[in-house]
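Residue-level structure breakdown
Below, each chain spelled out in residue letters.
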Amino acid sequence: MTARIQVPREVQRGAVFEVRIAIQHPMETGFRYDLMGKPIPKNVINTLVCRYGGAEAFRAELGSGIAANPYLQFYTVAEASGDLEFSWVDDAGERGSERVTVNVVE
Amino acid sequence: MNHARRRFLAGCSGVLMAPLAVPRASAEEADTLTPAIREVTGGAPLKTGRVTLEIPRIADNGNAVPLKVSVESAMTAQDHVRSIHLLSEKNPRTVMARFFLGPRAGKAQINTRVRLNGTQHIVAVAAMSDGSYWSGTAEVDVTESACYDATNP
């Protein structure tokens with residue numbers, strides 16, 4: 001599962017900045033059928049956690065109501081330069097993770 | 001004779017008109033949204049306001065509808081949004097997503113893309129740190145529904 005994360009190149013300390021993440025995933029609803037008429041089992045990314053400086057900054061519990069290749073945009077306060085670590089898991093138990101570094105300037 | 005006919009017609013209209021007077025939409029909402037909201041609030045009163053849902057009034061494709069939810073909050077340690085719950089009136093699964101944030105978010109706003117099964121109302125419920133619950137609603141017309149199989153297996 002590949003993911004793309006976007007954060008500003010540098011952020012002022014204390015400023016609120018935008019974080020965007022898009023993960024490649026079909027977000028299978030469980031309501032679709034394959035060509036043989038067999039139901040395709042539900043498989044969605046059910047949990048996504050974002051840690052910033054080691055502490056949880058944002059968490060999402062997603063369902064089949066979220067579009068394929070889930071995209072999320074949220075905000076967080078720039079505290080110190082460090083990594084934003086994302087980790088997620090889908091219904092099949094497959095885990096993914098990605099990190100991006102935030103540069104905080106004075 | 002004539003009076004009997006009048007009484008009969010009056011009786012008929014009472015029987016026939018009564019179910020029609022109940023709006024269909026509110027009956028359906030009671031089925032899915034109310035239990036989902038109760039699950040979030042735990043029976044606490046739900047106030048309207050502070051939550052803004054932005055979604056196109058008309059969505060061509062229900063498979064990916066851009067949605068923005070924002071909550072008016074100072075986002076301080078004393079007063080912040082704990083969680084935001086996105087609920088759909090007509091999707092086969094009412095809860096679309098739950099987001100958990102805290103004072104570190106700085107700003108209570110989340111953008112995402114949702115799947116919508118038909119024209120409906122979307123409700124966002126925000127749980128605040130002071131224990132209050134606020135909600136915002138948006139109406140969206142969906143031209144082409146997502147998960148067609150769910151309603152027509």
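Residues numbered from 1 in each chain as written. Chains lettered and ligands numbered in written order. Predicted model: local features only at pLDDT ≥ 70, side-chain atom pairs only at ≥ 80, totals over all residues.

1. Focus on the overall build of chain A
The number of helices and strands found in chain A is 0 helices and 8 strands. From first element to last, N terminus to C terminus, chain A shows the α and β order β-β-β-β-β-β-β-β. Seen through its C-alpha atoms, chain A measures out along the principal axes to roughly 60 × 20 × 20 Å. Here chain A, with 106 residues, has 30% of them falling under the buried criterion. When contacts within chain A are restricted to residue pairs at least 6 apart in sequence, those whose partners lie at least 24 apart make up 56%. (Helix = DSSP H or I, 4+ residues; strand = E, 2+ residues; numbered from the N terminus. Buried ≥ 20, exposed ≤ 12 C-beta atoms within 10 Å, placed from the backbone. Contact = placed C-beta atoms within 7 Å.)

2. A look at the nonpolar core
In terms of nonpolar packing, the biggest core is built from 57 residues, with Ile84, Leu86, Val114, Ala124 and Ala126 of chain B touching the most fellow members. Looking at this core element by element, the count peaks at 6 residues for strand β8 (residues 120–128) of chain B. For Val114 of chain B, the residues in contact, after removing those within four places along its chain, are Gly65, Ile66 and Ala67 of chain A together with Val65, Leu67, Leu86 and Met96 of chain B. (Core = buried A, V, L, I, M, F, W, Y, C linked by C-beta atoms within 7 Å.)

3. Here we look at the confidence of the model for chain B
All names here are of chain B. Per-residue confidence for chain B gives a mean pLDDT of 83; residues scoring 70 or more make up 76%. Considering each helix and strand of chain B separately, the mean pLDDT is smallest for helix α3 (residues 148–151), with a value of 52, and largest for strand β7 (residues 109–114), with 96. Counting interchain partners and residues more than four positions distant, the pLDDT-below-50 stretch residues 14–24 has 1 contact. For this predicted complex, the interface score ipTM comes out at 0.93, while the overall pTM is 0.84. (pLDDT = per-residue confidence, 0-100.)

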